[in-house]
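Summary of structural features
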Amino acid sequence: MAHSPCPNDTFAFHAWSHGLVPGAPEIDVTFADIDVTNGMAERGEFDILKVSYAVLPYVLDEWTLLPCGGALGRGCGPLVLTREPGSADDLAGKTVAVPSERSTAYLLFRLWAAAEVGAGIGKIEVLPFDQIMPAVRDGQVDAGLVIHEARFTYQNYGLHKLADMGEHWEATTGLPIPLGAIIAKRSLGEARLHELAAAARQSVLMAWDEPEASRAYVLDHAQEMDPAVADQHIGLYVNEFTAALGDDGYAAVRGLLTRAAAEGLVPPLRPGALEF
């Protein structure tokens, strides 16, 4: 399995990766940024991956979406940051740094920009997510699209929130914000896929039952993140949708990918592609 070293993933999968989930298949974990795991999915690497929902239309012939373990939520969307306060129209013709063009954040941003930036964005520059805020601060780009714990730390860079992609999504759809998905190889077979889904769900439930059990593991991989920020990160991104996508979760994923396909940003989903 490959997933990010971010606190939400290490918290959710601590029990499973440490062999603490009774009867669960053993997993070996590799840590990788979401843009890297998106590429792994397209190349068919590993058996289980945490990826952006945005990559699903490209990979669902070979992979299946597990109904748990992922990241959706409310009030947790990506932010557009700038050096000075402004409005959406200020981005017309400007350069915006994004963490990936195959990320859910990018799809949410493009849907927002199509509705709010009258003259259109100028140039998109892809940077690792931890380099985006310094690039905006230092004037290398005009704005940055940020994810993860940057929601809690952007003020430390003297930056301003121009817009919240999640607020726009929730206001226009009423649905939670789809961010990261757990996928597994269809070739593993139906029985094993159900075992993996059950293990992921149980790992999340065990994390909630004993939150201190994973604390050292979470902080070891949190890239020197302040423990209080790590706790905020977990509280925001590990929620009811992590335990089970449910009707609202599936509706959010389907809604995002249908809208994005209509804008020509991703291929259309085939019928039944999201079914587990």
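Going by the structure above, here's the rest.
Residues numbered from 1 in each chain as written. Predicted model: local features only at pLDDT ≥ 70, side-chain atom pairs only at ≥ 80, totals over all residues. Heavy atoms only, no water.

Focus on the overall build of the chain
- Each helix and strand counted, the chain has twelve helices and eleven strands in total.
- Its C-alpha atoms give the chain a radius of gyration of 18 Å, near enough to 19 Å, the size a compact globule of 276 residues would have.
- Within the chain, the proportion of its 276 residues that are buried is 54%.
- Restricting the contact set of the chain to residue pairs at least 6 apart, pairs at least 24 apart contribute 80%.
- Accessible area of the chain: about 11700 Å², with a carbon and sulfur share of 47%.
- Charge centroids of the chain, computed over 19 positive and 37 negative side chains, lie 5 Å from each other. (Helix = DSSP H or I, 4+ residues; strand = E, 2+ residues; numbered from the N terminus. Rg over C-alpha atoms; globule rule 2.2 N^0.38 Å. Buried < 20%, exposed > 50% of the residue type's maximum accessible area, 1.4 Å probe, protein only. Contact = heavy atoms within 4.5 Å. Areas by Shrake-Rupley, 256 points an atom, 1.4 Å probe, with all protein chains shown as cover. Lys, Arg positive; Asp, Glu negative; His and termini not counted. Charge placed at Lys NZ, Arg CZ, Asp CG, Glu CD.)

Regarding the sheet that holds strand β6 (residues 79-82)
- Spatially, the five strands line up as an open sheet ordered β8-β7-β9-β6-β10, and their pairing is mixed. Strands at the two margins of the open sheet, each flanked by one partner only, are β8 (123-126) and β10 (160-164). Across the sheet, the axes of successive neighbouring strands diverge by a mean angle of 30 degrees, strand direction being ignored.
- Across four bridges, strand β7 (residues 95-98) lies against β8 in parallel orientation. Along β8, the bridge assignment pairs T95 with K123.
- Running over the sheet, helix α4 (residues 104-116) touches β6, β7, β8, β9 (143-146) and β10 and is turned about 130 degrees from β9.
- Along the sheet face, helix α7 (residues 165-173) touches β6, β9 and β10 and points at about 25 degrees away from the line of β10. (Pairing = 2+ DSSP bridges. Axes fitted to C-alpha atoms, helices over the stretch in contact; angles between N-to-C directions.)

Notes on the pattern of salt bridges
- Applying the stated criterion across every chain, the model contains nine salt bridges.
- Ionic pairing is found between D61 and R270, a salt bridge with its closest N-O pair at 3.1 Å. Remark: R270 occurs in the segment after α12 (246-262) and D61 occurs in the loop between α3 (56-59) and β4 (63-65); sequence separation between them is 209 residues.
- On the basis of relative accessibility, which here comes to 66%, the residue D61 falls in the exposed class.
- By relative accessible area, R270 is classed as partly exposed at 36%.
- Across the pair D231 and R215 runs a salt bridge, and its minimum N-O distance is 2.9 Å. Linking D231 in helix α10 (residues 227-237) with R215 in helix α9 (residues 215-220), this pair joins segments that are 16 residues apart in sequence. (Salt bridge = Lys/Arg side-chain N within 4 Å of Asp/Glu carboxyl O.)

Concerning the nonpolar core
- Grouped together as the largest cluster of nonpolar side chains are 58 residues, with contacts concentrated most on L56, V80 and W112.
- Per-element accounting of this core gives the leading share, eight residues, to α4.
- In this view, V80 contacts L91, F109, W112, A143, G144, L145, H160, K161, L162, A163 and M165; residues no more than four positions away in its chain are not counted. (Core = buried A, V, L, I, M, F, W, Y, C linked by side-chain atoms within 4.5 Å.)

Brief notes about the packing of α7 against α12
- One way to put it is that α7 packs onto α12 with a least axis distance of 12 Å and a crossing angle of 100 degrees. Relative to α12, the element α7 is oriented roughly perpendicular. Here α7 contributes W169, T172 and T173 to the contact with α12, which in turn contributes A252, G255, L256 and R259.
- Classifying every residue of the contact of α7 with α12 by side-chain character gives three nonpolar, three polar and one charged. (Parallel < 35°, antiparallel > 145°, perpendicular 65-115°, else oblique. Nonpolar A, V, L, I, M, F, W, Y, C, P; charged D, E, K, R; others polar.)

Examining the packing of α4 against α12
- Close contact between α4 and α12 brings their axes to 10 Å; oriented N to C, the two are set at 60 degrees. In this view, α4 runs oblique relative to α12, as classed from their interaxial angle. In this structure, α4 crosses over α12, and the sense of that crossing is left-handed. Counted together, T104, L107, L108 and L111 of α4 and L256, L257, R259 and A260 of α12 form the full contact between these two elements.
- In terms of residue class, the contact of α4 with α12 is made up of six nonpolar, one polar and one charged. (Left-handed = near helix turned anticlockwise from the far one by under 90°.)

As for the packing of aromatic side chains
- Considering all chains together, one arrives at three aromatic pairs under this definition.
- Over the ring of Y58 we find R102; its NZ or CZ atom is 3.6 Å from the centre of that ring. (Phe/Tyr/Trp six-rings, centres within 6.5 Å; stacked < 30°, edge-to-face > 60°. Lys NZ or Arg CZ within 6 Å of the ring centre and 35° of its normal.)

So, the pairing of strand β11 (residues 177-185)
- With nine of nine residues buried, β11 lies mostly within the body of the structure.
- Across five bridges, the pairing between strand β3 (residues 48-52) and β11 is antiparallel. When the bridges of β11 are listed, V51 appears paired with A181.
- Bridge count between β4 and β11: three bridges; the pairing is antiparallel. Looking across to β11, one finds that W63 is bridged to K185.
- As defined by bridge partners, strand β5 (residues 71-73) adjoins β11 across three bridges and the pair is classed as antiparallel. By the bridge assignment, G73 is partnered in β11 with I177.

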